[in-house]
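Residue-level listing of the chains:
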Amino acid sequence: VRAPAAILPAGVSGARFEAAIQAFRAAVGAANVLTGDAALQGYRDPHSLNWNEAAEYLASAAVLPASVEEVQAVVRIAIRYGLPLYPISTGRNLALGGAAPGYRGSVVVDLKRMNRILEVDEGRAFALVEPGVTYFDLYNHIQARGLKLWLDVPDPGQGSLVGNALDRGVGYTGSSFRDHFGAHCGLEAVLPTGEIVRTGTGALPGAASWQDFPYAPGPAVEGLFCQGNFGIVTKMGFRLMPAPEAWFSVGVQAPNYTDLQRLIDQVSFLEDAGIVNGRPLYHCTGVHPFEGRFPSAAPRIPLEELMADGWPSLERIVTYSRRHGGPSWRCDLQIYGPPEVLEAKWAWIRERMIAAIPRCDFQDVQLVKLPLTAEEAKRRKLVTFGVPNTQLFDRTAAQVAADEVRSPNQGFSDFMAVLPRTAAAVHRAQRVIYETQKEVGAPLVATPFNAPTAWFHRSLMMGAPTVALFRGAPDQNARGRKLYAAYARNMAAAGFGVYRAPPAMQDLAAAQYGWGDRALLRFQQRLKDAADPHGLVAPGRYGVWPRRLRT
Ligand SMILES: Cc1cc2nc3c(=O)[nH]c(=O)nc-3n(C[C@H](O)[C@H](O)[C@H](O)COP(=O)(O)OP(=O)(O)OC[C@H]3O[C@@H](n4cnc5c(N)ncnc54)[C@H](O)[C@@H]3O)c2cc1C
């Protein structure tokens, strides 16, 4: 068991820390200041890549302010005593840092008590919320008022709109709502000096259109708060999707391995033209995207023979696929709208696909009227319908328990890189992932059938599993870190940058974006030094260290 004194912020004496804690207690109430190992367990990252090692990011304390004024008081106390702060909204950043700080010894500023829904406007289709509002909270509020609005939700319904968006989170419904930071409209933040700023038209005293028009004249600064460390966000507006009348889905299957570019071209056109407005789901029939992690999800079409002699040639892949009747590429198209419009779109899409992809096939055509009935809801993936839930966690827990988990103390941290929407990029990324697994001696689970993910409109992503983390096996965790780092470097060398990373990998992620002698990072650091002269808010988040901590 660690001695609490071991987790003081660097350079802060025990006496000074204790004085700061007293000041925090006076500002937010003694019950809302947590110290000591037991109270701070909830601020450890269950998926930490450095679990129980000296490098684990541990908090020295947590403070839970309940108002903007209390947040300002916390910041001023931090300045007075020189304490690093780490703001979280609900701290469910699972597999990406959790509720733990990104810099060891920071005081976590936990905003879960600031959970007011400030405004929801049906006609103008927006919500203005505080950081502690969860997806469940806002969904229940909308349902209780009978508003015809949808949320775009990520897998963890227990997370917050603000925290998710500030980590550049992503969801599952309409193309213009899935990018959660992209769908925000106006925010308020307490700056590292203790001042308050409102972005966009919110800067106008008595603003009438804060959530309607995101721009103020001059440079836009709201991006500094996304994956950033320029303040503590205390309010945020979000554009909401008008509740659709129906959902349509069809699996478009292309028969040949070499059809991927044709399929991507068609799907991209449909999405860019606004004809398909839901998330396209690419996969390879019969292959699990993270094949090898979960034996229970083993492919229906065995790939051992194909992969036995290393990465197969295109000719071999094509022959193999023909012989086994697959795998073949499939993209499930999803469209939201009135049933008549969906029927008309489907007829049009069908003709277009048949003309563009010889012998393409259509599977699982479905049109579901909304809202979902209770029966429908039981058998559907609820994120598709903007309903917050914990389905994935329940399922993953069951699957993990059945397969590889020997104790509940396991986590993971998957790697995700951004790709252009081309088949060449997909194939290149598959190969890089495979070669990386080989380079570091990890299980060779990548195959030429790993499908990309179309989360953000206009790009693809390719994921790769790091080895699972075991709390009692630091050597295994070290191998996971090595694999993650190798993915980041090798994929970047191929032109594919990291999308999002846990704190232990954020320096590495930022370093890959080094064009122009790291011009972007140097600029971000100059801004950081000016905005946060004491270098106290989330030091090092995504590689942006304040001057006092730069090496
Ligand atoms: C199985 C699984 C599935 C997942 N699925 C998804 C998914 O579909 N989509 C997705 O996006 N993520 C997903 N995640 C990742 C993560 O769980 C979610 O993004 C979650 O919403 C983040 O937690 P949160 O909302 O509580 O944010 P928080 O943990 O509160 O915040 C995230 C980070 O943002 C910053 N931050 C938060 N609040 C503030 C603030 N007020 N001011 C300044 N900075 C702040 C902090 O650096 C914080 O660490 C998944 C994770 C797992 C394990």
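*Asks:* Please clarify how the pattern of salt bridges should be interpreted in this entry.
*Replies:* Inspection of every chain in the model, using the stated rule, returns 26 salt bridges. Its salt-bridge partner being Lys235, residue Glu188 comes within 2.9 Å of it at the nearest N-O pair. Pair noted here: Glu188 is in strand β8 (residues 184-190) and Lys235 is in strand β10 (residues 232-239), with a separation of 47 residues, a long-range link. Across this residue pair, the class does not change: Glu188 and Lys235 are buried. Notably, a salt bridge pairs Arg380 with Glu376, separated by 2.9 Å at the nearest N-O pair. Across the pair, exposure class does not vary: Arg380 and Glu376 are buried alike. A network of salt bridges, in which partner residues are shared, links Asp121, Arg124 and Asp212.

*Asks:* Before we go on, may I ask you to explain the site of the ligand in this structure?
*Replies:* Every one of the 33 residues lining the ligand counts as a neighbour, but Ser89, Thr90, Arg92, Val170 and Arg500 are closest to it. Between Val170 and the ligand, the recorded distance is 2.8 Å, taken from a backbone N or O atom to a nitrogen atom. Take Arg500: an N or O atom from its side chain is 2.8 Å from an oxygen atom of the ligand. Tallied by class, the residues present in the shell around the ligand amount to 17 nonpolar, 11 polar and five charged.

*Asks:* Looking at this structure, how should I read the layout of surface pockets?
*Replies:* The rolling of a water-molecule-sized probe over the atoms marks out the regions of remaining empty space. There is about 510 Å³ of room inside the second largest pocket. Taken together, the elements giving at least two residues each to the lining of the second largest pocket come down to α13 (506-512) and α14 (515-531). By residue number, the principal contributor to the lining of the second largest pocket is α14, which donates three residues. For the lining of the second largest pocket, the class distribution of residues is 14 nonpolar, four polar and two charged.

*Asks:* How should the sheet that holds strand β12 (residues 246-253) be read in this particular structure?
*Replies:* Pairing within the open sheet is antiparallel, and its four strands lie in the order β13-β14-β12-β15. Each edge of the sheet is formed by a strand with only one pairing partner; in this case those strands are β13 (281-284) and β15 (361-369). On average, adjacent strands in this sheet sit at an angle of 15° to one another, irrespective of strand direction. Across the sheet, helix α8 (residues 339-356) is in contact with β12, β14 (329-337) and β15; its angle to β15 comes to roughly 170°.

*Asks:* Honestly, the nonpolar core in this entry has me stumped. Any pointers?
*Replies:* General note: in soluble globular proteins, nonpolar side chains tend to be found buried as a group. Judged by nonpolar contacts, the single largest core of 68 residues is most densely connected at Tyr282, Leu333, Met353 and Met491. Residues Ala125, Ala189, Val233 and Phe456 belong to the second largest nonpolar core, which totals 34 residues.

Cut-offs used in this document
Residues numbered from 1 in each chain as written. Predicted model: local features only at pLDDT ≥ 70, side-chain atom pairs only at ≥ 80, totals over all residues. Heavy atoms only, no water. Salt bridge = Lys/Arg side-chain N within 4 Å of Asp/Glu carboxyl O. Helix = DSSP H or I, 4+ residues; strand = E, 2+ residues; numbered from the N terminus. Buried < 20%, exposed > 50% of the residue type's maximum accessible area, 1.4 Å probe, protein only. Near = heavy atom within 4 Å. Polar contact = N/O pair within 3.5 Å; in protein donor to acceptor, adjacent residues only side chain to side chain. Nonpolar A, V, L, I, M, F, W, Y, C, P; charged D, E, K, R; others polar. 1 Å grid on protein atoms, 1.4 Å probe; cavity = no way out; pocket = protein on both sides within 12 Å on 5 of 7 lines; lining within 4 Å. Points joined across faces, edges and corners; volume = space filled by probe spheres on them. Pairing = 2+ DSSP bridges. Axes fitted to C-alpha atoms, helices over the stretch in contact; angles between N-to-C directions. Contact = heavy atoms within 4.5 Å. Core = buried A, V, L, I, M, F, W, Y, C linked by side-chain atoms within 4.5 Å.

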